[in-house]
Amino acid sequence: MSASIIIFYILAATIIGGAIMAVTSLKIFRSAVFLLFSLIGIAGLYFYMDYEFIGAVQVVVYVGGIVVLIIFSIFLTHGSGEDMKRPHLLRAAFSALAAIFGCMLTMYFIMNQIFVVSNKAAVEPNAGNIGAQMLSTTEHGYILPFEVVSMLLLAAMIGCIVIAIKVKVPAHEILPEKGEDELIATPDNLKIEGAAGNEAL
Amino acid sequence: MNDIGLLHFLFVSCALFFIGVYGFLTRRNLITMLMSVELILNSVNINFVAFNKYLYVDKLDGLFFTIFIITIAAAEAAVAIAIIINLYRNHKTIDVEEADSMKF
């Protein structure tokens, strides 16, 4: 048993354990923190495979961005220390059955699959090669998806602002409604309303 | 089982994917459902990177797909959280079973 194997199993246990706790914990903040551990374990797995660039992107975007965003929204929408509702027992049981059965089936297919390994010369996965190939306009370049994704990010940013912005209604637009409320609410106005009713009679 | 190969990574990502599916089916809170979706996307990323590492070392396509998935996941999370905050502002809850005002 070499150190490399032990490290892999530690990483795998972090990922799987963190993920299980993240989907079963009843306290939402703990759930987010376990998700954080799981994502850090995945970044460790990328470093383990010698893909430092992807590992760094994982840490920056997921751990530094998405989890912070999730925790931020938890703070905005939840009182601290409240438990979430426990899931229905029947639904939880059938979901677990479906997940376990699907997992077994997929693992069975993976074990029976014969993978063909390419034996061409390896490309060094450093940032230089990744950047050069991603931004190249030749046959295997990825410049078009890159540009499309940049447009998608722009659209998502504008969409977020449009959805989450709080529109302030100008004062003169809400005044008439408020006036009606006051008419019904206060006794002084009730008198006026009664007088108006008498006039109508 | 002497060395860590492709199968180990595939098993980890498979388990992670179905944990995410379980969370998505049982949770009724929008933020935790979003977390489950993130787990599913991450399991796909592990798959892409492992295939690139162990089967196609002469290419970098798996890395590109991983980068694009991470980008789209970031955009998706941002939009989802904007929607969640807007929903909370209008309904004072983010439980999917109580937000049914468009149903009838």
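Residues numbered from 1 in each chain as written. Chains lettered and ligands numbered in written order. Predicted model: local features only at pLDDT ≥ 70, side-chain atom pairs only at ≥ 80, totals over all residues.

A word on the overall build of chain A
And then number 1: Per the secondary structure count, chain A includes eight helices and zero strands.
And then number 2: Its helices and strands in sequence order give chain A the pattern α-α-α-α-α-α-α-α, from N to C terminus.
And then number 3: Sorting the 201 residues of chain A into buried and exposed places 19% on the buried side.
And then number 4: Taking the intrachain contacts of chain A between residues at least 6 apart in sequence as the baseline, contacts between residues at least 24 apart amount to 44%. (Helix = DSSP H or I, 4+ residues; strand = E, 2+ residues; numbered from the N terminus. Buried ≥ 20, exposed ≤ 12 C-beta atoms within 10 Å, placed from the backbone. Contact = placed C-beta atoms within 7 Å.)

Here we look at the overall build of chain B
And then number 1: Summing up its helical and strand segments, chain B has three helices and zero strands in all.
And then number 2: Seen in sequence order, chain B has helices and strands lined up from the N terminus as α-α-α.
And then number 3: In terms of C-alpha radius of gyration, chain B reaches 18 Å, well past the compact-globule figure of 13 Å for 104 residues.
And then number 4: When the backbone C-alpha atoms are referred to their principal axes, chain B occupies close to 55 × 25 × 20 Å. (Rg over C-alpha atoms; globule rule 2.2 N^0.38 Å.)

Brief notes about the confidence of the model for chain B
And then number 1: For chain B, mean pLDDT is 89; residues scoring 70 or higher make up 97% of the total.
And then number 2: Across the interface, the model reports ipTM at 0.91; the global pTM reads 0.84. (pLDDT = per-residue confidence, 0-100.)

Concerning the confidence of the model for chain A
Detailed reading of the predicted coordinates is not advisable wherever pLDDT is low.
And then number 1: For chain A, per-residue confidence averages 84 on the pLDDT scale, and 85% of positions sit at 70 or higher.
And then number 2: Mean pLDDT per element in chain A: helix H8 (residues 187-200) of chain A is the minimum at 47, and helix H2 (residues 28-48) of chain A is the maximum at 94.

What to know about the packing of H2(A) against helix H3 (residues 52-77) of chain A
Residue and element names in this part refer to chain A.
And then number 1: Put simply, H2 and H3 touch, their axes get as near as 8 Å, and they point 175° apart. For the element pair H2 / H3, the angle class is roughly antiparallel. Two secondary-structure elements touch here, H2 through Ile28, Phe29, Ala32, Leu35, Leu36, Leu39, Ile40, Ile42, Ala43, Tyr46 and Phe47 and H3 through Glu52, Ile54, Gly55, Gln58, Val59, Tyr62, Val63, Val67, Ile70, Ile71 and Ile74.
And then number 2: When the residues that make up the contact of H2 with H3 are grouped by side-chain class, the tally is 19 nonpolar, two polar and one charged. (Axes fitted to C-alpha atoms, helices over the stretch in contact; angles between N-to-C directions. Parallel < 35°, antiparallel > 145°, perpendicular 65-115°, else oblique. Nonpolar A, V, L, I, M, F, W, Y, C, P; charged D, E, K, R; others polar.)

Considerations on helix H2 (residues 30-54) of chain B
And then number 1: Relative to the 36 Å expected for 25 residues at 1.5 Å per residue, H2(B) spans 37 Å between its end C-alpha atoms, a close match to the ideal helical length.
And then number 2: Judged by how many residues are buried, H2(B) sits mostly within the fold: 19 of 25 residues are covered. (Expected span 1.5 Å × (residues − 1).)

A look at H3(A)
And then number 1: Its 26 residues give H3(A) an end-to-end C-alpha distance of 36 Å, which sits within 8% of 38 Å, the value for a rise of 1.5 Å per residue.
And then number 2: Along H3(A), the largest kink reaches about 25° and is centred on A:Tyr62.
And then number 3: If you check which residues of H3(A) are buried, you get A:Ile54, A:Val57, A:Gln58, A:Tyr62, A:Ile66, A:Val67, A:Ile70, A:Ser73, A:Ile74 and A:Thr77.
And then number 4: Here the buried face of H3(A) lies against H2 of chain A together with H2 and helix H3 (61-91) of chain B. (Bend = angle between axes of the 7 residues up to and from the residue.)

Description of the interface of chain A and chain B
And then number 1: Contacts between the two partners involve 68 residues from chain A, matched on the other side by 60 residues from chain B.
And then number 2: Those elements that place two or more of their residues in the side of chain A that touches chain B are helix H1 (3-24), H2, H3, helix H4 (89-112), helix H5 (127-134) and helix H6 (143-164) of chain A.
And then number 3: It is H3(A) that contributes the most residues to the side of chain A that touches chain B, twelve residues altogether.
And then number 4: Of the residues contributing to the side of chain A that touches chain B, the split by class is 51 nonpolar, 14 polar and three charged.

Digging into the environment of A:Val67
Residues and elements named next belong to chain A.
And then number 1: The residue Val67 is located in helix H3 in this model.
And then number 2: Take Val67: there are 21 C-beta atoms within 10 Å of it, and that puts it in the buried class.
And then number 3: C-alpha separation for the pair Val67 and Ala164, spaced 97 residues apart in sequence, amounts to 19 Å.
And then number 4: Apart from residues lying up to four places away in sequence, Val67 is in contact with Ala32, Leu35, Leu36, Leu39 and Tyr62.

Here's the deal with the packing of H3(A) against H3(B)
And then number 1: Their axes nearest at 10 Å, the elements H3(A) and H3(B) cross at an angle of 10°. Overall, the two elements H3(A) and H3(B) adopt an arrangement that is roughly parallel. Between H3(A) and H3(B), the contacting residues are A:Ile54, A:Val57, A:Gln58, A:Val61, A:Gly65, A:Ile66, A:Leu69, A:Ser73, A:Leu76 and A:Thr77 on the first element and B:Leu63, B:Thr66, B:Ile67, B:Ile70, B:Ala73, B:Ala74, B:Ala77, B:Ala78, B:Ile81, B:Ile84, B:Ile85 and B:Tyr88 on the second.
And then number 2: Grouping the constituent residues of the contact of H3(A) with H3(B) by class yields 17 nonpolar, five polar and no charged.

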